[in-house]
Amino acid sequence: MANILLIKDAEPLPFDKKEKKMREMMLAEALLRRGHVVTWVSSTFNHNKKTLYFSQDKKIQINKNFNLMLFYAGSYKNNICLARIKHHKVLAYKLKKFLKTQGTQYDLIVTAHPIVELAYQAVKFATKNNIPVVSHIGVLPQQF
């Protein structure tokens, strides 16, 4: 059993049953089925609907082996705008602060692009703490 940290924003969260499951949720489910402990870091913003799930940081325990750590990083109305850039920067800053409190409790960190700022913080932390890290682009090959 490994303690795995997933870092991915802009995908529907497990409690949002109206949204279709995407890659990060499928990965989390596969890891959980194999007996691992999973923490998924994301934001409180629903990228698809451009609405907030919560207007403050929130930790949610889905079950005994699955936790969400959600950071409030603001919102944006358009995919191409300064507010989205700010959202990414704030989210990365909050991730950096969160990781400093976590020590070396994770056995593996999986981070996705985009958001480059999140992946950078994850890889930097993992490298410094000798934690294996996997960084993936977050899209399937047929999407190219």
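Here's what I pulled together on the structure shown here. (Residues numbered from 1 in each chain as written. Predicted model: local features only at pLDDT ≥ 70, side-chain atom pairs only at ≥ 80, totals over all residues. Heavy atoms only, no water.)

Some words on the packing of aromatic side chains
- Under the defined criterion, the tally for this structure stands at 4 aromatic pairs.
- Between phenylalanine 15 and tyrosine 53 the ring centres are 5.1 Å apart and the planes differ by 80 degrees, which places this aromatic pair in the edge-to-face class. Taken together, the positions of phenylalanine 15 in the loop between strand E1 (3-7) and helix H1 (23-33) and tyrosine 53 in the loop between strand E4 (51-52) and strand E5 (58-63) put the pair 38 residues apart, joining distant regions of the chain.
- Grouped by ring-pair contacts, the aromatic residues Phe15, Tyr53 and Phe54 constitute a single cluster. (Phe/Tyr/Trp six-rings, centres within 6.5 Å; stacked < 30°, edge-to-face > 60°. Helix = DSSP H or I, 4+ residues; strand = E, 2+ residues; numbered from the N terminus.)

A few points about the nonpolar core
- Counting 19 residues, the largest nonpolar core has Leu5, Ile7, Val41, Leu95, Phe98, Ile109 and Leu118 as its most contacted members.
- At the level of elements, E1, strand E6 (66-71), helix H2 (82-102) and helix H3 (116-128) are the ones that each hand at least two residues to this core.
- Top contributing element to this core by residue count: H2, with 5 residues.
- Non-local contacts of leucine 5, meaning those with residues more than four positions away in its chain, are made with Thr39, Val41, Phe98, Leu99, Tyr106, Leu108, Ile109 and Val110.
- One finds Ala2, Leu13, Val38 and Ile60 within the second-largest nonpolar core, a separate group that totals 14 residues. (Core = buried A, V, L, I, M, F, W, Y, C linked by side-chain atoms within 4.5 Å. Buried < 20%, exposed > 50% of the residue type's maximum accessible area, 1.4 Å probe, protein only. Contact = heavy atoms within 4.5 Å.)

Some points on H2
- Spanning 21 residues, H2 covers 31 Å between terminal C-alpha atoms, matching the ideal 30 Å at 1.5 Å per step.
- On its buried face, H2 is in contact with E1, strand E2 (37-43), strand E3 (45-46), E6 and H3.
- Count one or two residues on from H2 and you reach glycine 103, which has phi positive near 60 degrees. (Expected span 1.5 Å × (residues − 1).)

Description of the side chain of histidine 87
- Position of histidine 87 among the secondary structure elements: in helix H2.
- Apart from residues lying up to four places away in sequence, histidine 87 is in contact with Asp9, Ser43, Phe45, Ala73, Gly74 and Tyr76.

A word on the sheet that holds strand E8 (residues 133-136)
- Read across the open sheet, the 6 strands follow the order E5-E6-E2-E1-E7-E8; overall the sheet is mixed. Two strands lie at the open edges of the sheet, namely E5 and E8, each paired on one side alone. With direction set aside, neighbouring strand axes in the sheet form an average angle of 15 degrees.
- As judged from the 4 bridges shared by strand E7 (residues 108-112) and E8, these two strands associate in the parallel manner. Residue isoleucine 109 lies in a different strand from E8, and its bridge partner there is valine 133.
- Sheet contacts for H1: E1, E2, E6, E7 and E8; angle to E1, the most-contacted strand, approximately 175 degrees. (Pairing = 2+ DSSP bridges. Axes fitted to C-alpha atoms, helices over the stretch in contact; angles between N-to-C directions.)

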